[in-house]
Amino acid sequence: MIKTDVIDQIAFELYEAEKQKKSVNKFVDAYPELDEALAYQVQERLIELKCKEENTKRVGRKLGLTSKAKQEMMGVHEPSYGVLLESMQLGEGERISLAPFIHAKLEPEIAFVFNKEIKGPHVTVADVLTATKYIAPALEIIDSRFQGFSFTLPDAVADNSSSSRYIIGERFYSPENFDLKLMGMVYKQNGEVVATGAGAAVMGHPARAIAWLANRLYKVGQSIQPGEVVLSGSLSAAIKIEPGDHFSASFDGLGSVEAVFTE
Ligand code: OOG
Ligand code: MG
């Protein structure tokens, strides 16, 4: 198959898998040519398709696999990124039905919103913090389109880094008064602590994950735009969501964000 056909074919299969709620096998076996660079082209095609079919638009990015906990959980040892669409955002406090998902999991994250462009190739933690308008606690629902949540890095990249929905807490803070590396986090499911962590779990500093993203985007001629929201990646392993679950992620000084799930 010629390259553009491979890109179209994989993007279409991933689009259909999400729509039909039917997981698919990893693509790397059927398409050995699927390397990281080609996978980002598939992701781009998938996002174009979703924007058109679902009448939505891009609002930001997400980072994936930026913590050891997540890398070990998935057996992948490099970060990835994906695109956030307007249609993926849920409001805090709304009851979330699990009906649209294949096998959703939930992750505690720190969200960043920017008021300046961040452009590689030499972005530092200080550059990211200077461009940050505010930070907020966030939860990300991930829902890999692959069977058994099993994939290689290129598979996950093509699948828009397993992104599905996200919730941003409704209190926003300037990053100035915080040391994000040392920011403690408590993650609870139905009142029980399921993970604890600190910002440093994400590449040593959550802003370092954003810097990595900006420097990585430079390679494909892109940058982080003013107004965009970026999820910096889960601080802990993702937890499988069951109907009736109530989750909260509390961050030192930022307060908490909560989510309640139904059938
Ligand atoms: C890939 C996406 C991981 C994160 O925050 O680490 C991710 C996956 O594990 O399915 O969103
Ligand atoms: Mg995530």
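This structure is a prediction, so every number in the text was calculated from the model and none was measured.

How would you sum up helix α1 (residues 3–20)? Please name residues and give values.
The terminal C-alpha atoms of α1 lie 26 Å apart, and with 18 residues this matches the ideal 26 Å at 1.5 Å per residue to within 8%. Where α1 is concerned, the buried positions are V6, I7, I10, A11, L14, Y15 and A17. Down the axis of α1, the smallest arc covering the buried residues is 160 degrees, so these residues share one side. On its buried face, α1 is in contact with α2 (36–54) and α5 (153–158). Count one or two residues on from α1 and you reach K21, which has phi positive near 60 degrees.

Help me get a handle on the coordination of the magnesium ion (ligand 2), residues and values and all.
Metal coordination angles in their ideal form are 109.5 degrees for the four-donor tetrahedron and 90 or 180 degrees for the six-donor octahedron. Protein ligation of the magnesium ion (ligand 2) involves E107 (OE), E109 (OE) and E140 (OE), the donor distances falling in the range 2.0 Å. Site description for the magnesium ion (ligand 2): donor spacing in sequence, E-x1-E-x30-E. The exposure class of E109 is buried, given its relative accessible area of 0%.

Explain the environment of R208 to me, and be specific about the residues and the numbers.
Structurally, R208 can be placed in helix α6 (residues 206–218). According to the relative accessible area criterion, R208 is partly exposed, its value standing at 40%. It is 9.1 Å that separates the C-alpha atoms of R208 and A126, two residues lying 82 residues apart in sequence.

Summarise unusual backbone geometry; cite the residues concerned and give the values.
Going from G120 to P121, the amide bond is cis rather than trans, its omega being 15 degrees. Mapped onto the elements of the fold, P121 is located in the loop between β5 (105–114) and α4 (125–131). Phi angles above zero are rare outside glycine, and N55 is one such case at about 50 degrees. Mapped onto the fold, N55 is located in the loop between α2 and β1 (58–64). The phi dihedral of S162 falls on the positive side, at around 60 degrees, and the residue is not glycine. The topology assignment puts S162 in the loop between α5 and β7 (163–168). When its relative accessible area of 5% is taken as the criterion, S162 is described as buried.

What counts and what doesn't
- Note that residues are indexed from 1 along each chain, following the sequence as it is written.
- By the order in which they are written, chains take letters starting at A while ligands take numbers starting at 1.
- Per-residue local features of the predicted model are confined to residues with pLDDT of at least 70, and side-chain atom pairs are confined, for both listing and counting, to 80 or more; whole-chain, interface and lining totals are unaffected and use all residues.
- Calculation of side-chain values draws on the structure's entire complement of heavy atoms; hydrogens and water are dropped beforehand.
- Elements are defined by DSSP. Helices are runs of H or I of four residues or more, strands are runs of E of two residues or more, and each kind is numbered from the N terminus.
- What a helix is expected to span follows from its residue count: subtract one and scale by 1.5 Å.
- Accessible area is worked out with a 1.4 Å probe on protein chains only. A residue is then buried under 20% of its type maximum, exposed over 50%, and partly exposed in between.
- What the arc covers is the set of directions going from the helix axis to the C-beta atoms.
- Residues are treated as being in contact if the distance between any of their heavy atoms lies within 4.5 Å.
- Any N, O or S atom lying within 2.8 Å of the metal counts as a donor, with the limit raised to 3.2 Å for Na, K and Ca; because water is left out of the atom set, some sites can appear incomplete.

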